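Fold and geometry: a report
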Amino acid sequence: MEWRFLYTVETALRWAANMTEKGFAPLVELVDATYQKGIKVAKDELEPFEQQRQRSETLPKWAVTIVSI
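Computed from a prediction, not measured in an experiment: that's the story for all the values here.

This paragraph deals with the overall build of the chain. In terms of regular secondary structure, the chain is built from two helices and two strands. What you see in the chain, going N to C, is helices and strands ordered as α-α-β-β. Computed over its C-alpha atoms, the radius of gyration of the chain comes to 15 Å, more than 25% above the 11 Å expected for a compact globule of 69 residues. Projected onto its principal axes, the C-alpha coordinates of the chain cover approximately 35 × 30 × 25 Å. A fraction of 6% describes how many contacts in the chain between residues 6 or more apart in sequence connect residues 24 or more apart. Surface exposure of the chain reaches about 7000 Å², of which carbon and sulfur atoms provide 58%. Side-chain charges of the chain comprise 9 positive and 10 negative groups, with the mean position of each set lying 6 Å from the other.

In structure tokens:
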């Protein structure tokens, strides 16, 4: 299924829930809350996840790929 067929939230959630990575299915749920601006997580709290992030050398700093380990 291509992304252009994801016309509804329900369809997108079902599609995402059916993906697998190395035999593991994701936990998919809709988050419809509004987040406050300016809230940050401390660097020491993010450090354990740094090995899973791959930053782009050409895109802005927020453009990251998260890989499974």
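Read on for the rest.
Turning next to the layout of surface pockets. The calculated volume of the largest pocket comes to roughly 240 Å³. Lining the largest pocket are Ile39, Lys40, Val41, Lys43, Leu46, Phe49 and Arg53. Its residues placed into classes, the lining of the largest pocket shows four nonpolar, no polar and three charged.

What follows covers the environment of tryptophan 62. Considering the arrangement of structural elements, one finds tryptophan 62 in the loop between strand E1 (53–55) and strand E2 (64–66). Sequence separation between tryptophan 62 and glutamine 36 is 26 residues; the distance between their C-alpha atoms is 18 Å.

Quick notes on the rules
- Residues numbered from 1 in each chain as written.
- Predicted model: local features only at pLDDT ≥ 70, side-chain atom pairs only at ≥ 80, totals over all residues.
- Heavy atoms only, no water.
- Helix = DSSP H or I, 4+ residues; strand = E, 2+ residues; numbered from the N terminus.
- Rg over C-alpha atoms; globule rule 2.2 N^0.38 Å.
- Contact = heavy atoms within 4.5 Å.
- Areas by Shrake-Rupley, 256 points an atom, 1.4 Å probe, with all protein chains shown as cover.
- Lys, Arg positive; Asp, Glu negative; His and termini not counted.
- Charge placed at Lys NZ, Arg CZ, Asp CG, Glu CD.
- 1 Å grid on protein atoms, 1.4 Å probe; cavity = no way out; pocket = protein on both sides within 12 Å on 5 of 7 lines; lining within 4 Å.
- Points joined across faces, edges and corners; volume = space filled by probe spheres on them.
- Nonpolar A, V, L, I, M, F, W, Y, C, P; charged D, E, K, R; others polar.

On their own, these measurements won't tell you what the molecule is for.
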